[in-house]
Amino acid sequence: MYDFRDMNVFTGDETPSYPAEAMQVDGTYLEDVIPGYRTLQVTGRELLNQDVVKQQIGRSDGDSLQYVRNPSREITVVYELVSASNQEFRQSFRKMNELLHDNQHKLIFNDDKTKYWLGTLSNVEEVPGGRNSVTSSFSFDVLDGIAHAVNASTASLDDSGQITIDNHGSYPTWPIITATMKGDNGLVGMVNDKGGALQFGDAEEVDTVTKQKSEHALRIGYDSEPSGVVYNNVATSYPYYNGDTSKPNKQQGSFGYGIDPAAGSGAIPTFVNGSSGYWGGPSAYLPIKPNSAGSNTGNFIMKTRFYFATSKGQQGRLEIVLQSGNEMAFSCVIRDSSRSVDQLIVEFWVKGQNILQKSLDRKKFSNGMFREFKITKQGANVQFQLAAVTKIGTGNTSTIRDATVKNWTLSDANIAIDGFGFWCMRWQDTHHVIMDVTDTQFDWVNVPYIVDIPNYYQAGDVVTVDTGQRKVYVNGVLDNNLQRVGNDWDSFKLLPGLNIIEPVASSWAEMYDCTVTYREAWL
């Protein structure tokens, strides 16, 4: 069957030399290419007979109608051929055979050039012998029996999101629907005013999915001064000695970075507090940026490794803090507060509340070992962990033992974390604990992020639905994967008069541009 999109409409100069019923065959008048040929008469384009199938019902009078159908029609052309010689006569018929044989031809008649018929040569009247001038005829079978408009009509989306087609023909016709994607889409669908539906793609296909990832917010090794560090301004669980506001503990002093054979490695404190005052020493603060979703209330894991070696006669405190604004959100304190006893005490804090205080076994937490403080937040659940480090392996991972663990449930899971700090302290000018902070890792975890799923249709894709052939093309290529059982093809034939088609896309997609192209038809 011809695809009317490829129709080559005749636009030549129609001169009075053409008879009223002269015929174009695939755009060529026979009068133009066959010397002495002239159309005399054309029949078969008039009223078409109907095939009526009926059945006798018992002994009742008359018959019962089973169905009526339109048969094919035959168009007969009566012509005259006058040749100057036998050779010219023979040559004219060779040319007629060339033009009229093979499969269907587009036939346009001079008395109605707005319509064409699809005809196949089926009958040729025998030409009398011994003449160079004859009157004869040939016939075409028009299998669909109808005339088609030479020029196609197009209807587009209106402001209501529908396409209204006013079919001025007298016979139903099959439209071609073209959808041009404006963006990702999973469904090209159509519904019409007859209750019919077509669907190509998956109505349930999603455009994006949410996944989770981890993000490194801090990766600090204190072999050199960190960028953005702020000194001596860390939120703390211990601003005053024994809670007495008249006895402030002081953040003062400085840090050296790198390796000191006497003091250790990492961030090494230098104390300046003397015999007066209470606890004092330097602190360092580093900001923590929100995760890529723009949130600083999400889940996280923080690990800080440090060295803390004490003995009888030494005193010292180290506090490791996660801040929320200017307030302490979570902290760990490891301390030796006694000059007369060799002790090691760990404290865990949540927003000013001491949730754990425990003396550590000095045989298990002996000097010469690194310690690791780890805090994990998952929703409202927080886990504190202090452990001895036995080995630092590949990827800066720790092997630990003898962990002290405390689980806590927050009353507000949306606590914001925007800073990290640590404060090294000694008591007045006593011999201080040997301490330093070696490295810190802070990771936002389970950070939601959007993944764009490649959809069946992408921006710029052109989907063409040929309802007559029941075929779907994507960017001009036939796509058999889009055929679906249950598509109501028959209801999409455009009837004479008004027809309404409404396109449907995925619920999350921008509606595509859509046009309906059709060619009116007449019996």
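To start, this report covers the structure provided alongside it. Here the structure is a predicted model, which is why all the values come from computation and not from measurement.

## Quick notes on the packing of aromatic side chains
In this structure the tally under the stated criterion is 24 aromatic pairs. Plain terms: the ring middles of Phe-300 and Phe-442 are 5.1 Å apart, the flat faces sit at 25° to each other, and that makes the pair stacked. With a gap of 142 residues between them, Phe-300 in strand β23 (residues 299–309) and Phe-442 in strand β32 (residues 434–452) connect regions that are remote in the sequence. Judged by relative accessible area, Phe-442 falls into the buried class, the value being 0%. On the numbers, 6.3 Å between centres and 25° between planes, the contact of Phe-373 with Phe-384 is stacked. Here Phe-384 lies in strand β29 (residues 381–392) and Phe-373 lies in strand β28 (residues 370–378), a separation of 11 residues in the sequence. We classify Phe-384 as buried; its relative accessible area is 0%.

## A look at the sheet that holds strand β12 (residues 163–167)
Across the sheet, which stays open at both edges, the 4 strands sit in the order β12-β36-β14-β15 with antiparallel pairing between neighbours. Every other strand in the sheet has two partners, leaving β12 and β15 (197–201) as the edge strands with one partner each. For this sheet, the mean inter-axis angle between neighbouring strands, taken without regard to orientation, is 20°. Direction of pairing for β12 relative to strand β36 (residues 497–504): antiparallel, over a ladder of 5 bridges. Its bridge partner being in β36, Ile-165 is matched across the sheet by Asn-499.

## Re the pairing of strand β31 (residues 419–427)
Side chains on a regular strand alternate between the two faces of the sheet. Within β31, 9 of the 9 residues are buried, which leaves it mostly tucked inside the rest of the structure. Bridge analysis of strand β21 (residues 279–281) against β31 gives 2 bridges, and the strand direction is antiparallel. Residue pairing in the sheet places Trp-279 in a bridge with Trp-427 of β31. With 5 bridges joining them, strand β22 (residues 283–287) and β31 adopt antiparallel strand pairing. Residue Ser-283 lies in a different strand from β31, and its bridge partner there is Trp-423. Here 7 bridges tie strand β24 (residues 316–324) to β31, and the two strands are oriented antiparallel to one another. What sits directly across from Leu-322, in β31, is Phe-420.

So, how was this worked out
Residues numbered from 1 in each chain as written. Predicted model: local features only at pLDDT ≥ 70, side-chain atom pairs only at ≥ 80, totals over all residues. Heavy atoms only, no water. Phe/Tyr/Trp six-rings, centres within 6.5 Å; stacked < 30°, edge-to-face > 60°. Helix = DSSP H or I, 4+ residues; strand = E, 2+ residues; numbered from the N terminus. Buried < 20%, exposed > 50% of the residue type's maximum accessible area, 1.4 Å probe, protein only. Pairing = 2+ DSSP bridges. Axes fitted to C-alpha atoms, helices over the stretch in contact; angles between N-to-C directions.

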